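The chain contents come next:
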Amino acid sequence: MLDLRQLRYFIAVAETEHVGRAAEQLHISQSPLSRQIAQLEQKLGLTLFERTQQRIRLTRDGAVFLSEARALLRHADRLENLGRRLGRGEEGGLCIGYAPDAMHTGVLPGALRRLQEERPGIHVALYNMSASEQFEGLRQRSLDIALVREPPDDDPVLRAAPLLEDPLLLVLPAGHPLAAQDTVMAQDLDRQPWIAIEEEGDPGWRDAFVASCVASGFTPDIRLDAPEPLTALGLVASGLGLALVQKSMVRGVTDAVVVRELPWREASVHLWAVWHHIDLRPVVSSFRETVLSHGTRSEEPVAGPAT
């Protein structure tokens with residue numbers, strides 16, 4: 001059986017790529033740390049690190065093992081947290097996984113506000129995780145509910161329900177020639193400078209974005225990649241290009257950007273609730289119903305400067 005302490009030691013060495021610095025972080029001596037790593041490799045029958053006189057680096061197998069080790073320790077930490085709360089006689093609290101869209105659309109904050117009104121003493125732990133990590137957390141029962149962009153594929157133990165459809169809108173610099181137009185058509189956007197927004201966990205996100213634009217009738221000239229929508233909005237405000245941002249993110253935008261709907265392009269960001277098909281505690285099913293009641297189609301008017 002794996003020793004969690006050895007896993008923590010392994011992760012520290014992997015992240016620092018230096019046994020001495022890892023030992024300082026862990027407040028142990030370098031020699032015992034090296035022995036623990038060697039014992040872990042012997043137990044696994046696996047070489048985790050390439051060692052030279054200058055540095056220590058993860059092997060390809062070591063990188064795969066690192067990802068799984070981190071996931072296991074996160075699960076162990078959540079399980080310990082749950083056990084302590086149960087030991088204090090609490091209801092067990094809630095462990096919620098979420099994608100950032102669950103926050104800025106207001107679905108998760110609204111559900112949490114309702115929860116605090118109904119159960120003011122309950123403890124809630126929030127985990128910003130990828131969809132795959134959330135699904136695994138549900139299967140292992142270390143998460144109570146997951147809020148993700150896409151539901152799982154044919155998973156026999158998980159259930160899912162749509163929460164929200166958040167339309168994508170065109171955001172462009174206020175000084176751009178197209179900003180003066182009330183209606184923007186596909187041909188207007190062809191070869192314009194674009195800022196593409198990354199899809200976390202999807203290695204093919206860029207190709208998918210270009211393909212969706214081409215299917216709509218224009219080819220984007222991608223100049224910059226933004227890690228998330230707020231960064232894209234800042235880049236647009238600086239005059240660096242156009243972007244497609246979900247409606248929930250453009251409320252109250254500055255005068256530096258203009259927002260336009262694109263009725264001819266049907267594209268949205270979706271939000272789903274996912275949970276284990278067996279409810280172990282009433283508080284989980286109660287909160288799930290609260291989340292589902294807060295999940296509505298986004299129909300608020302577009303916020304932005306008038307032109």
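The structure this text deals with has already been given above.
Draft legend 1. Examining the packing of aromatic side chains more closely. A complete count under the given rule lists 5 aromatic pairs for this structure. With centroids separated by 6.1 Å and ring planes inclined at 65 degrees, the aromatic side chains of W194 and F209 adopt a geometry described as edge-to-face. Taken together, the residues W194 in strand β7 (residues 193-197) and F209 in helix α9 (residues 205-216) connect sequence positions 15 residues apart. When sorted by exposure, W194 lands in the same class as F209, which is buried. Note on F218 and W264: the rings are 6.2 Å apart at their centroids and 90 degrees apart in plane angle, and the pair reads as edge-to-face. Here F218, found in the loop between α9 and β8 (221-226), pairs with W264, found in the loop between β10 (257-260) and β11 (268-276); they are 46 residues apart in sequence, far enough to count as distant. Here F218 falls in the buried class, since its relative accessible area comes to 1%. Residue classification places W264 among the partly exposed positions, given a relative accessible area of 26%. These aromatic residues form a ring-pair network of at least three members: W194, F209, F218 and W264.

Draft legend 2. Main features of helix α6 (residues 107-118). Taking 1.5 Å of rise per residue, 12 residues should cover 16 Å, and α6 covers 17 Å from first to last C-alpha, within 8% of that figure. Turning to α6, its buried residues number three or more, namely V107, L108, G110, A111, L112 and L115.

Draft legend 3. Focus on unusual backbone geometry. Positive phi is not limited to glycine here, since E17 has a value of about 50 degrees. Among the structural elements, E17 can be located in the loop between α1 (4-16) and α2 (19-26). One non-glycine residue, R141, adopts positive backbone phi at about 65 degrees. Looking at the secondary structure, you find R141 in the loop between α7 (131-139) and β5 (145-148).

Draft legend 4. Region of interest: the side chain of Q192. Along the chain, Q192 falls in the loop between α8 (186-189) and β7. With relative accessibility at 18%, the residue Q192 sits in the buried group. Once residues within four sequence positions are removed from consideration, Q192 is found in contact with H176, L178, P220, D221 and L242.

Draft legend 5. Up close: a nonpolar patch on the surface. A surface patch of nonpolar side chains, about 270 Å² in accessible area, is lined by L2, L4, L44 and L72. Position of L72 relative to the elements: it lies in helix α4 (residues 60-87). Overall, the relative accessible area of 34% leaves L72 in the partly exposed class.

Draft legend 6. Local environment of the pattern of salt bridges. Going through the model one piece at a time under the given rule, you end up with 14 salt bridges. In this structure, the salt-bridge partner of E136 is R139, at a minimum N-O distance of 3.1 Å. Taken together, the positions of E136 and R139, both in helix α7 and 3 residues apart, correspond to about one turn of that helix. On the basis of relative accessible area, E136 is assigned to the partly exposed category, the value being 35%.

How each quantity is defined
- Residues numbered from 1 in each chain as written.
- Predicted model: local features only at pLDDT ≥ 70, side-chain atom pairs only at ≥ 80, totals over all residues.
- Heavy atoms only, no water.
- Phe/Tyr/Trp six-rings, centres within 6.5 Å; stacked < 30°, edge-to-face > 60°.
- Helix = DSSP H or I, 4+ residues; strand = E, 2+ residues; numbered from the N terminus.
- Buried < 20%, exposed > 50% of the residue type's maximum accessible area, 1.4 Å probe, protein only.
- Expected span 1.5 Å × (residues − 1).
- Contact = heavy atoms within 4.5 Å.
- Patch = residues over 30% accessible without salt bridge, like charges linked within 9 Å, V, L, I, M, F, W, Y side chains within 5 Å.
- Areas by Shrake-Rupley, 256 points an atom, 1.4 Å probe, with all protein chains shown as cover.
- Salt bridge = Lys/Arg side-chain N within 4 Å of Asp/Glu carboxyl O.

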